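Below, each chain spelled out in residue letters.
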Amino acid sequence: MNHYETVFILNPVLSEVQIKETVQKYEDFLVSKGAKMISKEDWGLKKLAYPIQNKKSGFYHLFEYQVDGEVINPLEVEFRRDERFMRYLTVALDKHAVAWAERRRVKLKEKA
C-alpha cells in the first residue's frame, strides 16, 4: 500500500450540497477500492492564480490516503469524466512527505 495525496478543485458554481455529494462520491470510490483514508480537508473557496474554464475561483479539497498503485489511474479517469472537476493532482508521498503531512495535521488539530 502506497501513501498518496490528491488535491482537486471543484467548479465554483456548485452548491454546498453538490460539493458534499461530489466529495463523498470520490471518498466512497476510494474506500470501495480498498483505500484507507487518513485525512480529508476542505480548504474552501479560493481565488485561482489564472482563470480555468473562465472561472476565477474554485473549491479546493485534499484527500490523503493509502491504497495500491493500480487504483490511481481509475480514480483519475473518473475525475476527467466528471465536469464538476476543474483540476486535480495526485502525488505519491515518500517517508519525508508523510512525516510532514502528519506534522501539518497535528498543527491543524491544535488550531481547532
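Residues numbered from 1 in each chain as written. Predicted model: local features only at pLDDT ≥ 70, side-chain atom pairs only at ≥ 80, totals over all residues. Heavy atoms only, no water.

(A) Spotlight on the side chain of N11. Tracing the chain through its elements places N11 in the loop between β1 (2-10) and α1 (16-32). On the basis of relative accessibility, which here comes to 11%, the residue N11 falls in the buried class. (Helix = DSSP H or I, 4+ residues; strand = E, 2+ residues; numbered from the N terminus. Buried < 20%, exposed > 50% of the residue type's maximum accessible area, 1.4 Å probe, protein only.)

(B) Structural detail: the environment of F79. Along the chain, the position of F79 falls in helix α2 (residues 72-81). Remark: the alpha-carbon pair of F79 and W100, spanning 21 residues in sequence, is separated by 26 Å. Those residues in contact with F79, other than ones at most four positions away along the chain, are T6, F8, Y26, F85 and Y88. (Contact = heavy atoms within 4.5 Å.)

(C) Geometry of unusual backbone geometry. Phi at Q53 takes a positive value of approximately 55°, unusual for a residue other than glycine. Here Q53 lies in the loop between β2 (36-52) and β3 (55-67). Overall, the relative accessible area of 45% leaves Q53 in the partly exposed class. Phi is positive for N54, close to 60°, though the residue is something other than glycine. Secondary-structure assignment places N54 in the loop between β2 and β3.

(D) Seen up close, the environment of S57. Here S57 shows up in strand β3. A C-alpha to C-alpha distance of 9.5 Å links S57 and V13, two positions 44 residues apart in sequence. The residues contacting S57, other than those within four sequence positions of it, are P12, L45, K46, K47, L48 and M86.

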